[in-house]
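# Architecture at a glance
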Amino acid sequence: MRETLVLNASFEPLATVTLRRAVVLVLQDKAVVEHAHPGLRIRAADVDLPVPRVIRLCRYVRVPFRRRAPWSRRGVLVRDQHRCAYCGRRAATVDHVVPRSRGGGDTWLNTVASCAEDNHRKADRTPEQAGMRLLKTPFEPTPSDALLLALGAVERDALPEWLALPA
């Protein structure tokens, strides 16, 4: 199912919702379509509207301040674009740079996406001890960046340039 990005009235990313929920918000005049899928429309007896990719709420919604994006395995894989941090191949697992048995935790800066072979080869060691080097340094995405990353590469490429992630 397609995911639609929801922006606050101030154009800050809030969440992603299903296409069905986005259409309901637009039909209830709670949101407007900011960016639509080219050439796709939703048609019914009294309705003809573009299929939304990005919608913006008409009224500002106060959101509690989120200083950090919550850590998750899926979030790490998405952040690293499902590419192994050691070899660059397709990654399906998450590796702890400093193993948990040595005090490393489940944090953005201590976890990277890894292919199963490299994860197994590194085992319970640090990359230096295993003779491996990281191709990319892990980073902590902002809550807004984490939301945009979660849209996926194909959806992200189709977003307007004013909404794209900084390089």
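From a predicted model like this one, the values you see are computed outputs, not experimental measurements. (Residues numbered from 1 in each chain as written. Predicted model: local features only at pLDDT ≥ 70, side-chain atom pairs only at ≥ 80, totals over all residues. Heavy atoms only, no water.)

### Description of the overall build of the chain
- From N to C terminus, the chain includes 6 helices and 6 strands.
- When the elements of the chain are put in sequence order from the N terminus, they spell out β-β-α-β-β-α-β-β-α-α-α-α.
- For the chain, buried positions account for 40% of its 167 residues.
- The contacts of the chain with a sequence gap of at least 6 include a subset with a gap of at least 24, amounting to 57%.
- Just so you have it, the chain exposes about 10200 Å², and 53% of that area is on carbon and sulfur atoms. (Helix = DSSP H or I, 4+ residues; strand = E, 2+ residues; numbered from the N terminus. Buried < 20%, exposed > 50% of the residue type's maximum accessible area, 1.4 Å probe, protein only. Contact = heavy atoms within 4.5 Å. Areas by Shrake-Rupley, 256 points an atom, 1.4 Å probe, with all protein chains shown as cover.)

### Section: the environment of I42
- With respect to the helices and strands, I42 occurs in strand β3 (residues 31-43).
- Since its relative accessible area comes to 23%, I42 is described here as partly exposed.
- Residues I42 and V23, spaced 19 residues apart in sequence, show a C-alpha to C-alpha distance of 8.8 Å.
- Beyond its immediate sequence surroundings of up to four residues, I42 is in contact with V23, V47, D48, L49 and V51.

### Looking at the sheet that holds strand β2 (residues 13-18)
- Reading across from one edge, β2-β1-β4-β3 is the order of the 4 strands in this open sheet, with mixed pairing throughout. The open sheet has two free edges, formed respectively by β2 and β3, since each of these has just one partner strand. Strand-to-strand, the axes of this sheet are offset by a mean angle of 35°, without reference to chain direction.
- Against the sheet, helix α1 (residues 19-27) engages β1 (3-7), β2, β3 and β4 (48-57), with an angle of about 90° to β4. (Pairing = 2+ DSSP bridges. Axes fitted to C-alpha atoms, helices over the stretch in contact; angles between N-to-C directions.)

### Regarding the pairing of strand β6 (residues 111-114)
- Neither face of β6 is left uncovered, since the one carrying T111 and A113 and the one carrying V112 and S114 both have all their residues buried.
- Of the pairings in the sheet, the one linking strand β5 (residues 93-96) to β6 comprises 4 bridges and is antiparallel in character. Each bridged residue has a counterpart across the sheet, and for D95 the counterpart in β6 is V112.

### What about the environment of L40?
- Topologically, L40 is positioned in strand β3.
- For L40, a relative accessible area of 34% corresponds to the partly exposed category.

### Describing α1
- If you check which residues of α1 are buried, you get L19, A22, V23, L25 and V26. Down the axis of α1, the smallest arc covering the buried residues is 160°, so these residues share one side.
- Of the surrounding secondary structure, the elements contacted by the buried residues of α1 are β1, β2, β3 and β4.
- One or two steps after α1, the chain reaches D29, where phi turns positive at roughly 60°. (Arc of directions from axis to C-beta.)

### Some points on the pattern of salt bridges
- Scanning the entire structure with this criterion turns up 9 salt bridges.
- D95 is paired through a salt bridge with K122; the nearest N and O atoms lie 3.4 Å apart. Linking D95 in strand β5 with K122 in helix α3 (residues 116-122), this pair joins segments that are 27 residues apart in sequence.
- When its relative accessible area of 3% is taken as the criterion, D95 is described as buried.
- In this structure K122 comes out as buried when scored by relative accessible area, which is 0%.
- It is possible to trace a salt-bridge network through shared partners that takes in R41, R43 and D48. (Salt bridge = Lys/Arg side-chain N within 4 Å of Asp/Glu carboxyl O.)

### A word on unusual backbone geometry
- For F11, which is not glycine, the phi torsion reads 70° and is therefore positive.
- The residue F11 is located in the loop between β1 and β2 in this model.
- Although it is not a glycine, D29 sits at a positive phi angle of roughly 60°.
- The residue D29 is located in the loop between α1 and β3 in this model.

By themselves these figures say nothing about function.
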